[in-house]
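Tertiary structure, described
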Amino acid sequence: MGNHLAQTAGVVQAYRVLNAEGRIADGFRWAGPQPEGEDVRARLNADGIHFTQTGAADPAQRLTSRDLALLLADPDQEQSSEGTVAAGRDGAEPEGETRAEWFFRQLAADDTPETVGAVRTLLAR
């Protein structure tokens, strides 16, 4: 997913895609020019991403591969007891949102329309 987003025009935060363990991928490289010495972890911290002592992203801030699989399995499925786990991450009550609606609302709040479109295209495959 990170490579797809990094190669999509207009997507500016592809560096936020971490590996399945919630870590910065070995061999990470910026998709475009970055200031000399720019550190991806420092950039993620500046974006509000917190890391555990073991170096993984805070699980409460992560969208896991399981979360994505649930979106892929049935993106329009009504919220279930499983869906409420993801919905509570930002502290807000989802008030009847589907998993997909919650996910795209959160994505649109932090990213460009190009990013939202690229993710919708990827999930539709």
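Cut-offs and rules
Residues numbered from 1 in each chain as written. Predicted model: local features only at pLDDT ≥ 70, side-chain atom pairs only at ≥ 80, totals over all residues. Heavy atoms only, no water. Helix = DSSP H or I, 4+ residues; strand = E, 2+ residues; numbered from the N terminus. Buried < 20%, exposed > 50% of the residue type's maximum accessible area, 1.4 Å probe, protein only. Contact = heavy atoms within 4.5 Å. Areas by Shrake-Rupley, 256 points an atom, 1.4 Å probe, with all protein chains shown as cover. Phe/Tyr/Trp six-rings, centres within 6.5 Å; stacked < 30°, edge-to-face > 60°. Lys NZ or Arg CZ within 6 Å of the ring centre and 35° of its normal.

For the protein, the count of helices and strands is 6 helices and 0 strands. Helices (α) and strands (β) of the protein occur, in sequence order from the N terminus, as α-α-α-α-α-α. In the protein, buried positions account for 31% of the 125 residues. Considering only contacts in the protein between residues 6 or more positions apart, those separated by 24 or more positions represent 45%. A total accessible area of about 7800 Å² is found for the protein, and carbon and sulfur atoms account for 50% of it.

We now examine the environment of Ala25. Along the chain, the position of Ala25 falls in the loop between helix H1 (2-6) and helix H2 (40-46). Considering only alpha carbons, one finds Ala25 and Tyr15, 10 residues apart in sequence, at a separation of 9.8 Å.

Time to look at the packing of aromatic side chains. The final tally for this structure, using the stated rule, is 0 aromatic pairs. Lying over the aromatic face of Phe51, Arg41 brings its terminal NZ or CZ to 4.4 Å of the ring centre. Above the plane of the ring of Phe104 lies Arg120, whose end atom (NZ or CZ) is 3.9 Å from the centre.

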